[in-house]
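# Residue-level structure breakdown
Next come the chains, spelled out residue by residue.
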Amino acid sequence: MSEPTLVELVKRAQRGDAAAFEGIVRTMVGMVYSQVVAVLRDRQKAEDATQEVFLAAWKGIGTVKEVEGFVRWLMTLARNRAMDAVKFEGRLKRKGSVVEGVEVADGGRGPGEELERREAVERAVRMLEGLPEEYRRPLMMRYLGGCDYETIRHALGVSDGMLRGQLTRGMAMLREMMKCKW
């Protein structure tokens, strides 16, 4: 028996099938997370915001009219939730409040290795942020979110050829940036 498509999962979830929605989460979590972490630049906050996105999606899935447009709707939720988190944090800072999250290092790495890894990821994200939107989004979805080409193509509403071109040109731009900054 083959796996249900995303469209089938959405239709089932709209009828209240929680198992189908779990399938949607498994399929889309990488893409949503990559969208959110790109804005928040903090893994813990991005994980929390990603959970909030899927809670909102579960509550609002019945309002999605075009099932084929579900990915765009979900990515809009993700982008809006991330932007709301940035605005909220800005308000807290202006009021003088400080909210700090403590991130536990991965058990397989020492503190020095974890710090080096985080710094490398932060440098990569900063470089990605320097790219035009049309190259940044697909690269982040692919390499930070771990999304496959089909998922990215549907989320961005582009053809396979256009997506591959954006990824190729974006990687070439990153390589040039790396030559200058390393």
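Residues numbered from 1 in each chain as written. Predicted model: local features only at pLDDT ≥ 70, side-chain atom pairs only at ≥ 80, totals over all residues. Heavy atoms only, no water.

### Some remarks on the confidence of the model for the protein
Averaged over every residue, the pLDDT of the protein is 80; residues scoring 70 or more account for 84%. Element-level mean pLDDT values for the protein span from 72 in helix α5 (residues 111-129) up to 92 in helix α1 (residues 6-14). Of the regions scoring below 50 in pLDDT, residues 94-107 engages in eight contacts with residues more than four places distant in sequence or in other chains. (pLDDT = per-residue confidence, 0-100. Helix = DSSP H or I, 4+ residues; strand = E, 2+ residues; numbered from the N terminus. Contact = heavy atoms within 4.5 Å.)

### Quick look at the side chain of Ser34
With respect to the element layout, Ser34 can be found in helix α2 (residues 18-40). Sequence-distant contacts of Ser34, defined by excluding residues within four places in its chain, comprise Met140, Met141, Leu144 and Gly145.

### A few points about the nonpolar core
Counting 46 residues, the largest nonpolar core has Ile24, Met31, Val32, Val36, Leu74 and Met141 as its most contacted members. Among the secondary structure elements, those contributing two or more residues to this core are α1, α2, α3 (43-60), α4 (70-94), α5, α6 (133-144), α7 (149-156) and α8 (160-181). Apart from the residues within four sequence positions on either side, Met31 is in contact with Val71, Met75, Met141, Gly145, Cys147, Thr151, Ile152 and Ala155. (Core = buried A, V, L, I, M, F, W, Y, C linked by side-chain atoms within 4.5 Å. Buried < 20%, exposed > 50% of the residue type's maximum accessible area, 1.4 Å probe, protein only.)

### Regarding α7
Looking only at α7, the buried set comprises Thr151, Ile152, Ala155 and Leu156. Seen from one end, α7 has its buried residues packed into an arc of 115°, which puts them on one side. At the C-terminal side of α7, Gly157 shows a positive phi close to 70°. (Arc of directions from axis to C-beta.)

### Comments concerning the packing of α6 against α7
Running from N to C, α6 and α7 cross one another at 145°; their axes reach a closest spacing of 10 Å. In this structure, α6 crosses over α7, and the sense of that crossing is right-handed. On the side of α6, the interface is formed by Arg137, Pro138, Met141 and Arg142, while α7 contributes Tyr149, Ile152, Ala155 and Leu156. The residue makeup of the contact of α6 with α7, split by class, is six nonpolar, no polar and two charged. (Axes fitted to C-alpha atoms, helices over the stretch in contact; angles between N-to-C directions. Left-handed = near helix turned anticlockwise from the far one by under 90°. Nonpolar A, V, L, I, M, F, W, Y, C, P; charged D, E, K, R; others polar.)

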